[in-house]
Amino acid sequence: MPDIRRIKTVFKSKPTMEGAGVRLKRVFGFHEAPKFDPFLLLDHFGSDNPDDYMAGFPWHPHRGIETITYMLDGRVEHGDSLGNQGVIESGDVQWMTAGSGIIHQEMPKESEGLMMGFQLWANLPSHQKMMHPRYRDVKRNTIPEVELESGVRARVICGEIAGTRGPVQDIVTEPEYLDVEMASGKTFSHDIKEDHTVFAYVFEGSGAFGVDKVTVESGHLVLFDEGSEVLIDSGDEGLRFLLISGKPIGEPVAWYGPIVMNTREELETAFREYRNGTFIKKGK
Ligand code: CO
């Protein structure tokens, strides 16, 4: 018998300001993160007013984490201190493993129109925090879209559904990252390992979540309780959500701004290195 997960908590995303003055919605972050291990933060940016996004995210460091950017509308140009450069186009994902450290910027490429997407931060276990930085630029056309039944489809960025695997593989915390779209009156169920943290972020429509059928509207996140399966029914207007899961790391977290380590000493080292110019580690 599948053990269908109940709902643990529903969170409402909150307006906040980040980068050089980008208006976005923080779905969860520093204060909620202990409940989301191995994930640290989820931001949802979406606006058709350039004043809300043009300031972008100028030069800043990251160490000890992965940042996963999924663009649904608009284009973001990124560049880093190692000379890597590229554009995240609409529908693309950039899965960046900062590891020992990168200094980068993320700036909008368009000065008009809708800019919409997500940035998720995933923690790295202690033995990978100082690994060599790694980028996976996942183009839209390499992300498989699976039709589970008429009116229910999933884009598989990472993980597996109905025998289809996503392009991002070999991540220690075994994350799964699905973008699921449902017409009205449909049911979606999906097996997830019992010990994994799993949440759904609704960004269109509404639905009934979990064995207890809790109604959740757009702009809200559902954190599931323990169990082996998630069950979701779409509401009258249909439903679209991110379904994200991963294996908890269970280590101490020392977090300041864009750097997340295990101890305060490691944090102090990181900021000292950033100040004195030795933050970036060369070679493998
Ligand atoms: Co960044």
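What counts as what
- Residues numbered from 1 in each chain as written.
- Predicted model: local features only at pLDDT ≥ 70, side-chain atom pairs only at ≥ 80, totals over all residues.
- Heavy atoms only, no water.
- Helix = DSSP H or I, 4+ residues; strand = E, 2+ residues; numbered from the N terminus.
- Buried < 20%, exposed > 50% of the residue type's maximum accessible area, 1.4 Å probe, protein only.
- Polar contact = N/O pair within 3.5 Å; in protein donor to acceptor, adjacent residues only side chain to side chain.
- Contact = heavy atoms within 4.5 Å.
- 1 Å grid on protein atoms, 1.4 Å probe; cavity = no way out; pocket = protein on both sides within 12 Å on 5 of 7 lines; lining within 4 Å.
- Points joined across faces, edges and corners; volume = space filled by probe spheres on them.
- Nonpolar A, V, L, I, M, F, W, Y, C, P; charged D, E, K, R; others polar.

## Thoughts on the side chain of Gln119
Here Gln119 is to be found in strand S11 (residues 115-123). Judged by its relative accessible area of 11%, Gln119 falls in the buried class. Reaching out from Gln119, the side chain makes a polar contact with the side chain of Glu106 at a distance of 2.9 Å. Here the side chain of Gln119 touches Trp121 through a polar contact of 3.1 Å, side chain to side chain. Those residues within four positions of Gln119 in sequence are excluded, and the remaining contacts are Leu41, Leu42, Asp43, Phe45, Thr67, Ile68, Thr69 and Glu106.

## What to know about the layout of surface pockets
There is about 530 Å³ of room inside the largest pocket. Lining the largest pocket are 29 residues; nearest its centre among them are Glu18, Gly19, Phe57, Gln119 and Trp121. Where the lining of the largest pocket is concerned, the elements lending two or more residues are strand S3 (22-28), strand S4 (39-47), strand S5 (57-62), strand S10 (102-108), S11 and strand S23 (254-256). Within the lining of the largest pocket, the residues separate by chemical class into 18 nonpolar, 7 polar and 4 charged. By volume, the second largest pocket amounts to about 330 Å³. Taken together, 17 residues line the second largest pocket, and the ones lying closest to its centre are Gly159, Glu160, Arg165, Glu174 and Pro175. Across the lining of the second largest pocket, the residue classes break down as 5 nonpolar, 5 polar and 7 charged.

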